[in-house]
Amino acid sequence: MIADPVLLTRPPATARDGRIVAVASGKGGVGKTWFAITLAHALARAGRRVLLFDGDLGLANVDIQLGLVPAHDLAGVVAGRRSLAASVVHHQGGFDILAGRSGSGALSALDDAALDAVLAALRDAARAYDHVVLDLGAGIERATRRLSGAADLLLVLATEEPTSLTDAYAVLKLHLADASAGEARVVVNQASTPAAGERTYATLARACASFLGHTPKLAGIIRRDDRVRDAIRRQTLLLQRHPNAPAAGDVERVVAGLA
Ligand SMILES: Nc1ncnc2c1ncn2[C@@H]1O[C@H](COP(=O)(O)OP(=O)(O)OP(=O)(O)O)[C@@H](O)[C@H]1O
Ligand SMILES: [Mg+2]
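This report concerns the structure included in the present document. (Residues numbered from 1 in each chain as written. Chains lettered and ligands numbered in written order. Predicted model: local features only at pLDDT ≥ 70, side-chain atom pairs only at ≥ 80, totals over all residues.)

A tally of regular secondary structure across the protein chain gives 11 helices and 8 strands. For 259 residues, the compact-globule estimate of 2.2 N^0.38 gives 18 Å, and the C-alpha radius of gyration of the protein chain, at 17 Å, lies within 12% of that figure. Each principal axis of the C-alpha distribution contributes one length, and for the protein chain these read about 50 × 50 × 30 Å. For the protein chain, buried positions account for 45% of its 259 residues. The long-range share in the protein chain, meaning contacts at least 24 apart out of those at least 6 apart in sequence, stands at 76%. (Helix = DSSP H or I, 4+ residues; strand = E, 2+ residues; numbered from the N terminus. Rg over C-alpha atoms; globule rule 2.2 N^0.38 Å. Buried ≥ 20, exposed ≤ 12 C-beta atoms within 10 Å, placed from the backbone. Contact = placed C-beta atoms within 7 Å.)

This paragraph deals with the nonpolar core. Ranked by size, the top nonpolar core spans 78 residues in total, and within it Ala22, Leu52, Leu122, Val133, Leu134 and Val156 carry the most contacts. Of the residues forming this core, the biggest block, 9 residues, is contributed by helix H2 (residues 32–45). Leave out the neighbours within four places in its chain, and Ala22 touches Leu134, Leu136, Leu147, Ser148, Ala151, Leu154 and Leu155. (Core = buried A, V, L, I, M, F, W, Y, C linked by C-beta atoms within 7 Å.)

Okay, the packing of helix H7 (residues 162–177) against helix H8 (residues 194–212) next. One way to put it is that H7 packs onto H8 with a least axis distance of 10 Å and a crossing angle of 40°. With respect to H8, the element H7 is oriented oblique. Once H7 is placed against H8, the crossing between them reads as right-handed. Here H7 contributes Leu165, Ala168, Tyr169, Leu172, Lys173 and Leu176 to the contact with H8, which in turn contributes Thr200, Thr203, Leu204, Ala207, Cys208 and Leu212. Split by residue class, the contact of H7 with H8 holds 9 nonpolar, 2 polar and 1 charged. (Axes fitted to C-alpha atoms, helices over the stretch in contact; angles between N-to-C directions. Parallel < 35°, antiparallel > 145°, perpendicular 65-115°, else oblique. Left-handed = near helix turned anticlockwise from the far one by under 90°. Nonpolar A, V, L, I, M, F, W, Y, C, P; charged D, E, K, R; others polar.)

In this fold, Leu218 is placed in strand S8 (residues 217–223). Taking the C-alpha atoms as reference points, Leu218 and His41, 177 residues apart in sequence, are found 21 Å from one another. Sequence-distant contacts of Leu218, defined by excluding residues within four places in its chain, comprise Arg185, Val186 and Tyr201.

Turning to the site of ligand 1, a few remarks are in order. The local shell around ligand 1 holds 19 residues, among which Gly28, Gly31, Lys32, Thr33 and Trp34 are the closest. Secondary-structure elements contributing two or more residues to the shell around ligand 1 are H2, strand S7 (183–191) and helix H9 (226–233). Tallied by class, residues from the shell around ligand 1 come to 7 nonpolar, 7 polar and 5 charged. (Near = placed C-beta within 6 Å.)

Relative to the 27 Å expected for 19 residues at 1.5 Å per residue, H8 spans 26 Å between its end C-alpha atoms, a close match to the ideal helical length. Within the sequence span of H8, burial applies to Gly197, Thr200, Tyr201, Leu204 and Cys208. Along the long axis of H8, the arc covered by the buried residues comes to 95°, so they all point the same way. Residues of H8 that are exposed and angled more than 90 degrees away from the buried face: Ala195, Ala202, Arg206, Ala209 and Ser210. At its buried positions, H8 is contacted by strand S6 (153–158), H7, S7 and S8. (Expected span 1.5 Å × (residues − 1). Arc of directions from axis to C-beta.)

Our next topic: the sheet that holds strand S2 (residues 50–55). Pairing is mixed in the open sheet, where 8 strands are placed in the order S3-S4-S2-S5-S1-S6-S7-S8. Edge positions in the sheet fall to strand S3 (89–91) and S8, since each has one partner strand and no second. Ignoring which end each strand starts from, the neighbouring axes of this sheet average 25° apart. Where strand S1 (residues 20–24) lies against S6, 4 bridges are found, and the strand directions are parallel. Within the sheet, the bridge partner assigned to Ala24 lies in S6 and is Val156. Strand contacts of helix H5 (residues 112–128): S1, S2 and strand S5 (131–136), with the helix running at about 145° to S5, the strand carrying the most contacts. On the sheet, H8 packs against S6, S7 and S8 and is oriented at approximately 140° with respect to S7. (Pairing = 2+ DSSP bridges.)

A positive phi angle, near 60°, is found at Gln190, a position not held by glycine. By secondary structure assignment, the location of Gln190 is in strand S7. Of note, the phi angle at Gln235 is positive, near 55°, even though the residue is not glycine. With respect to the secondary-structure elements, Gln235 resides in the loop between H9 and helix H10 (238–241). Residue Gln235 is classed as exposed on the basis of its 12 C-beta neighbours within 10 Å.

So this is what it looks like as structure tokens:
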């Protein structure tokens, strides 16, 4: 029997405790990176030791959204040049960041050995922190699927747009087909109202129940909020710049639900 490489690289079976929380979507541009940053910050504010791991291997941009120029990044860890601990930067928001390498090709099109090295870095991180928040690239490519397969909890972002919903469904379908994968839950982002967000979730949940025989839970609804755009434009954290914004409270509720 040929062993599943994902199983071989998975941490020991005890690890389904929400340590690695991956953020995926299928469709691009729905808010994964902003949500992963804000989730990491909210978890840090709740007293957890958190690493935000940029797992968008093609177009990493956690550092850009936060206005950082990191001296080291995931590419050095994968190449074996530096340890994970020596490659992270500490953000004043109270969490660490392992940056990616955008557009250089250094991390896109990784071969199996390099992808194994990324997964090993993720495992290392899961041992050193209470939570690793993994920002994934858009799409359902093999590398992204292997990273999401290593997560204890996969948060799949969807918006009200039909294309986002069908792409989120595709991510859930592939994830659920992997019997060894962790739980997947849905986050509706950029909801025009909480009720509209509930309807979006219900549509996706119905499709999953009918065709996949499983209803993923709702992790939360994040409202569309101009202060999100403002925080991103200023390369700051929403929970620092606009702590009372509706979207800030929505992310904090997601964190409360994860505990
Ligand atoms: N809750 C929100 N309210 C308003 N605007 C939002 C919200 N969430 C995300 N956005 C907008 O969506 C844009 C895209 O966000 P982001 O870069 O985080 O998406 P992404 O899914 O990571 O994209 P990619 O697939 O390219 O990695 C942001 O620049 C912001 O303008
Ligand atoms: Mg992104």
